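Descriptive analysis of the structure
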Amino acid sequence: MPEETKLAIIGSGAAAYTAAIYGARANLGPVVYGGTILGGQLLVTSDVENFPGFPEPILGPELMERMKKQVERLGVKIHQENVMDVDFSKRPFRLKLESGGALAARAVIVATGATAKWLDLESEKKLQGHGVSACATCDGFFFKGKEVVVVGGGDTAMEEALFLTKFASRVTVVHRRAELRASKIMQGRALKNPKVQFVWDSAVIDVLGDGSVSGVRLKNLKTGAQSDLPCQGLFVAIGHAPNTGFLRGQLKLDAKGYVETDGRTRTSVEGVFAAGDVMDPRYRQAVTAAGTGCMAAIEAERFLQAEE
């Protein structure tokens, strides 16, 4: 028989850690399965300056490490292991673990977040790790004095572009439209930065280079004209996909794969809750993820209390 717990939390970002904190304080004995890489999207974020309680900017990885230590201080066990499959058809719910083991839980909070999208080009896949990246914070240091391209037009793309100006000699943002989708403050920062330039109405259709990136091939989506832009790095920042593949057939998902909730983090299965980017395609902020993690834990506590 698998080990049984009152509350299982799947994930290790701001939502999961906050849920674990509230779950522990409610004496639910939560168990966290955070995946092989702990920390969520904040691991690939540089300066975080909009999380309450930090007068000075804090690095994303440092913020996540602090959250993790707070969770552990409350006695919560964090397993660095993936949940491969779930069975929400009956209770206790069953979680199949990557190690081959299983866990039974009376309530579950899904907080698995979202993963960066790629351009789906063969050349992109071939050169990943050799000049192609989706994480400026991780790889920006390697492009000192070099020219790089960022694909995208949202806040993530602007943040990547601005971070890369600390290292690169020039950052070219390639966007499919004639205007950015980013927030006004992020647009302003990028447009005013002398190191950042823009190529509008265009898409990257190929990554050039043999062994490492030497440029990108662009296509103007209005005229169809193609051109080559020399660069030594390509950073893809075109959005995210929710990490819900293991939930299909178990929970109701929207057209894009995000978990549907009722506004109170409750999913289509009673006793299963969702928090953070896995259910939030709109805001995708650390503070909103933490807020929904709190909500999910309180809802789980009330659910279990009512049942008892």
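Read on for a plain summary of the structure. Residue positions within a chain follow its written sequence, with the count starting from 1. This being a predicted model, a pLDDT of at least 70 is required before a residue's local features are given, and a value of 80 or more before pairs of side-chain atoms are given or counted; all residues contribute to the totals for chains, interfaces and linings. Side-chain descriptors were evaluated using all non-hydrogen atoms of the structure, hydrogens and water having been removed beforehand.

So, about the overall build of the protein chain. Helix and strand definitions here come from DSSP, where helices need a minimum of 4 consecutive H or I residues and strands a minimum of 2 consecutive E residues; each element is numbered from the N-terminal end. Of the regular secondary structure elements, the protein chain holds seven helices and 19 strands. Radius of gyration: over C-alpha atoms. The globule rule applied is 2.2 Å multiplied by the number of residues raised to the 0.38 power. In terms of overall size, the protein chain behaves like a compact globule, its C-alpha atoms giving a radius of gyration of 21 Å where 308 residues would be expected to give roughly 19 Å. A simple rule labels every residue: compare its accessible area, found with a 1.4 Å probe on the protein chains alone, to the largest value its type can have, and call it buried under 20%, exposed over 50%, or partly exposed in between. A burial count over the protein chain gives 49% of its 308 residues as buried. Contact between two residues is taken to exist if any of their heavy atoms lie within 4.5 Å; hydrogens are not considered. For the protein chain, restricting intrachain contacts to residue pairs at least 6 apart in sequence, the fraction spanning at least 24 positions comes to 60%. Calculation of accessible area relied on Shrake-Rupley with a 1.4 Å probe; when residues are assessed, cover is drawn exclusively from the protein chains displayed. Only carbon and sulfur atoms are counted for the fraction: they give 49% of the accessible area of the protein chain, which is about 15000 Å².

Moving on to the packing of helix H1 (residues 14-25) against helix H2 (residues 60-73). Angles here are taken between N-to-C directions and fall from 0 to 180 degrees, while the axes themselves are lines fitted to C-alpha atoms, restricted in helices to the stretch in contact. Between H1 and H2, the least distance of the axes is 9 Å, while the angle of their chain directions is 25 degrees. In terms of axis orientation, H1 runs roughly parallel to H2. Here the hand of the crossing between H1 and H2 comes out left-handed. Counted together, Ala14, Tyr17, Ala20 and Ile21 of H1 and Met64, Met67, Lys68, Gln70 and Val71 of H2 form the full contact between these two elements. All residues other than Ala, Val, Leu, Ile, Met, Phe, Trp, Tyr, Cys, Pro, Asp, Glu, Lys and Arg, Gly among them, are scored as polar; the first ten of these are nonpolar and the last four charged. Its residues assigned to classes, the contact of H1 with H2 shows seven nonpolar, one polar and one charged. Convention used here: angles under 35 degrees read as roughly parallel, angles over 145 as roughly antiparallel, angles from 65 to 115 as roughly perpendicular, and any remaining angle as oblique. Helix crossings are classified by the rotation of the near helix relative to the far one: an anticlockwise turn of less than a right angle makes the crossing left-handed, while a clockwise turn makes it right-handed.

Moving on to the nonpolar core. Membership of the largest hydrophobic core comes to 36 residues, with the highest contact counts inside it found for Ile9 and Ile109. Elements with a minimum of two residues in this core: strand E1 (3-10), H1, H2, strand E8 (102-110) and helix H7 (286-307). Excluding residues that lie within four positions of it along the chain, Ile109 makes contacts with Leu7, Ala8, Ile9, Ile10, Ala19, Phe273, Ala275, Ala296, Ala297 and Ala300. Ala8, Val108, Leu253 and Val259 belong to the second largest nonpolar core, which has 24 residues in total. Buried Ala, Val, Leu, Ile, Met, Phe, Trp, Tyr and Cys residues that are joined via side-chain atoms within 4.5 Å together make up what is termed a nonpolar core.

Sheets are built from strands that pair by backbone hydrogen bonding, the pairs being arranged parallel or antiparallel. For two strands to pair, DSSP has to find at least two bridges joining them. Reading across from one edge, E14-E15-E16 is the order of the three strands in this open sheet, with antiparallel pairing throughout. Looking at which strands have only one partner, the edges of the open sheet turn out to be strand E14 (202-208) and strand E16 (226-230). With strand direction ignored, the average angle separating the axes of adjacent strands in the sheet is 30 degrees. In terms of strand pairing, E14 meets strand E15 (residues 215-220) through six bridges, oriented antiparallel.

This part is about unusual backbone geometry. Look at the link from Arg91 to Pro92: it is a cis peptide, with omega at 0 degrees. Among the structural elements, Pro92 can be located in the loop between strand E6 (83-87) and strand E7 (93-97). Non-glycine residue Asp201 carries a positive phi angle of around 50 degrees. For Asp201, a relative accessible area of 14% translates into the label buried. For Thr265, which is not a glycine, the phi torsion comes out positive at approximately 70 degrees. The topology assignment puts Thr265 in the loop between strand E18 (240-242) and strand E19 (272-274).

As a further point, take the pattern of salt bridges. Salt bridge, as used here: a side-chain nitrogen of Lys or Arg that lies within 4 Å of a carboxyl oxygen of Asp or Glu. With the rule as written, the count across this model stands at 16 salt bridges. Between Arg217 and Asp228 there is a salt bridge, with the nearest N and O atoms lying 2.8 Å from each other. Taken together, the residues span a long stretch of sequence, with Arg217 in strand E15 and Asp228 in strand E16 at a distance of 11 residues. Residues joined by salt bridges that share partners form a network here, namely Lys6, Arg91, Arg106, Glu307 and Glu308.

Quick look at H1 now. For H1, which comprises 12 residues, the first-to-last C-alpha distance of 17 Å matches the rise-based estimate of 16 Å (1.5 Å per residue) to within 8%. The buried fraction of H1 is high, at 10 of 12 residues. Among the residues making up H1, those that are buried are Ala14, Ala15, Ala16, Tyr17, Thr18, Ala19, Ala20, Ile21, Gly23 and Ala24. Residues of H1 that are buried sit in contact with E1, strand E2 (31-33), H2, strand E5 (77-79), E8 and H7. What a helix is expected to span follows from its residue count: subtract one and scale by 1.5 Å.

Moving on to the pairing of E16. Note: E15 against E16, five bridges, orientation antiparallel. In the strand pairing of E16, Arg217 is matched with Asp228.

The next thing to look at is the packing of helix H5 (residues 155-164) against helix H6 (residues 184-192). It is the contact of H5 with H6, at a shortest axis distance of 9 Å, that shows an interaxial angle of 35 degrees. The two elements H5 and H6 meet at a crossing, and its hand is left-handed. Contacts between H5 and H6 pair Asp155, Met158, Glu159 and Leu162 from the former with Met186, Arg189 and Ala190 from the latter. Looking at the contact of H5 with H6 residue by residue, the class counts come to four nonpolar, no polar and three charged.

Another aspect to go through is the sheet that holds strand E11 (residues 147-151). With respect to topology, five strands assemble into an open sheet ordered E10-E17-E11-E12-E13, the strand pairing being parallel. Of all strands in the sheet, those with a lone pairing partner are strand E10 (132-133) and strand E13 (196-199), marking the two edges. In the packing of H5 onto the sheet, contacts are made with E11, strand E12 (170-174), E13 and strand E17 (233-236), and the angle to E11 comes to roughly 170 degrees.

So yeah, pure geometry; function would need other evidence.
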